[in-house]
Amino acid sequence: MIGLIGAFVLLSVTPARAGENTFVEVTPNSVPAGSRVTIRASCDNNNDRQANVRSDAFGHVMLRPDNGLLKGEVTVPGNKEPGDYQVDLRCQNNQTAQTMLTVLNMASPSKGPATGGGGTASGRGTGSVLVLGGVALVAAAVALGMMGGRRRPGAGS
């Protein structure tokens, strides 16, 4: 019976294949040029040693061990052309992994649209007309209130 249980245990254990836990992630994976990205990776069971990541999007960056994984940060240069860039991880145990980083075309306009609103409008704006109208209404209400509050002579009580 013990031999049967031992055989079952041996057959049910799956051997770990080399590279099974080797990966690289870039967060966020779509950014405008000039943005900072975080890289997280694993080199199978070799995460206590540094690993190298390379991409045409940002060049080389060395990942360092951090809580059982490899981590690093890098900034995509502000002049990087939009497109999809491969990110390659090379571990010291010769394991490799790849992912993609997308650099977005997020060009900002050189100046705002010429709408003519706000402080560039000439003459009296709507705001000053509303204030003057509000003051006139309050003055009229006060005047009517004072006239209505006076008693007419001869009105009896």
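Chemist: What is the right way to read the side chain of threonine 22 from this model?
Modeler: Considering the arrangement of structural elements, one finds threonine 22 in strand β1 (residues 22-27). Judged by its relative accessible area of 13%, threonine 22 falls in the buried class. Of note is the side chain of threonine 22, whose polar atom sits 3.4 Å from the backbone nitrogen of aspartate 44. Residues in contact with threonine 22, not counting those within four places in the same chain, are Ser42, Cys43, Asp44, Leu89, Cys91, Gln95, Thr96 and Ala97.

Chemist: I'm lost on the pattern of salt bridges in this one. Help?
Modeler: Opposite charge on two side chains permits them to pair, given that their charged atoms come into close proximity. The final tally for this structure, using the stated rule, is four salt bridges. A salt bridge links arginine 40 to glutamate 25; the shortest N-O distance between them is 2.9 Å. Of this pair, arginine 40 sits in strand β3 (residues 36-43) while glutamate 25 sits in strand β1; the two residues are 15 residues apart in sequence, bridging distant segments of the chain. Overall, the relative accessible area of 30% leaves arginine 40 in the partly exposed class. Its salt-bridge partner being glutamate 73, residue arginine 36 comes within 3.0 Å of it at the nearest N-O pair. Within this pair, whereas arginine 36 is found in strand β3, its partner glutamate 73 is found in strand β6 (residues 69-75), the two being separated by 37 residues in sequence. Under the relative-accessibility criterion, glutamate 73 is labelled partly exposed at 46%.

Chemist: Looking at this structure, I do not really get the nonpolar core. What am I missing?
Modeler: Generally speaking, soluble globular proteins have nonpolar side chains that are buried together. Among the nonpolar cores identified, the biggest contains 23 residues, and Ile39, Val53, Phe58, Leu63, Leu89 and Leu101 are the most heavily contacted of them. Mapped onto this core, the elements with two or more residues apiece are β1, β3, β4 (51-55), β5 (59-66), β6, β7 (83-90) and β8 (96-104). For this core, the leading source of residues is β3, giving four residues.

Chemist: Quick question: what am I supposed to make of the environment of alanine 33 here?
Modeler: Looking at where alanine 33 falls in the secondary structure, it is placed in the loop between β2 (30-32) and β3. Here alanine 33 falls in the partly exposed class, since its relative accessible area comes to 27%. Those residues in contact with alanine 33 that lie beyond four places of it in its chain are Val76, Pro77, Gly78, Lys80, Val103 and Leu104.

Chemist: Would you explain the confidence of the model for the protein chain in this entry?
Modeler: For residues with low pLDDT, the predicted coordinates do not support detailed interpretation. In this model, the protein chain carries an average pLDDT of 78, and 61% of its residues clear a pLDDT of 70 or more. Confidence over residues 1-18 falls short of pLDDT 50; this stretch has four contacts with residues more than four positions distant or in other chains.

Chemist: Looking at this structure, how should I read the sheet that holds β7?
Modeler: Spatial strand order, β1-β3-β6-β5-β4-β7-β8-β2: eight strands in an open sheet with mixed pairing. For this open sheet the edge positions go to β1 and β2, each flanked by a neighbour on one side alone. Across the sheet, the axes of successive neighbouring strands diverge by a mean angle of 25°, strand direction being ignored. As paired strands, β4 and β5 are joined by five bridges and run antiparallel to one another. Residue pairing for β5: serine 55 is matched across the bridge by glycine 59.

Chemist: For this particular structure, what's the right way to read the state of the cysteines?
Modeler: Disulfides are covalent bonds that link the sulfur atoms of two cysteine residues. Within the structure shown, the criterion is met by one disulfide. Two residues, cysteine 43 and cysteine 91, share a disulfide whose sulfurs are 2.0 Å apart. What sets the handedness of the cysteine 43 and cysteine 91 disulfide is the S-S torsion sign, and at about -85° it is left-handed. A residue pair is termed long-range when its members are at least 10 positions apart, and cysteine 43 in strand β3 and cysteine 91 in the loop between β7 and β8 qualify at 48 residues. The exposure class assigned to cysteine 43 is buried, which follows from its relative accessible area of 1%. Looking at cysteine 91, the relative accessible area reads 3%, which means it is buried.

Rules used throughout
Residues numbered from 1 in each chain as written. Predicted model: local features only at pLDDT ≥ 70, side-chain atom pairs only at ≥ 80, totals over all residues. Heavy atoms only, no water. Helix = DSSP H or I, 4+ residues; strand = E, 2+ residues; numbered from the N terminus. Buried < 20%, exposed > 50% of the residue type's maximum accessible area, 1.4 Å probe, protein only. Polar contact = N/O pair within 3.5 Å; in protein donor to acceptor, adjacent residues only side chain to side chain. Contact = heavy atoms within 4.5 Å. Salt bridge = Lys/Arg side-chain N within 4 Å of Asp/Glu carboxyl O. Core = buried A, V, L, I, M, F, W, Y, C linked by side-chain atoms within 4.5 Å. pLDDT = per-residue confidence, 0-100. Pairing = 2+ DSSP bridges. Axes fitted to C-alpha atoms, helices over the stretch in contact; angles between N-to-C directions. Disulfide = S-S within 2.5 Å.

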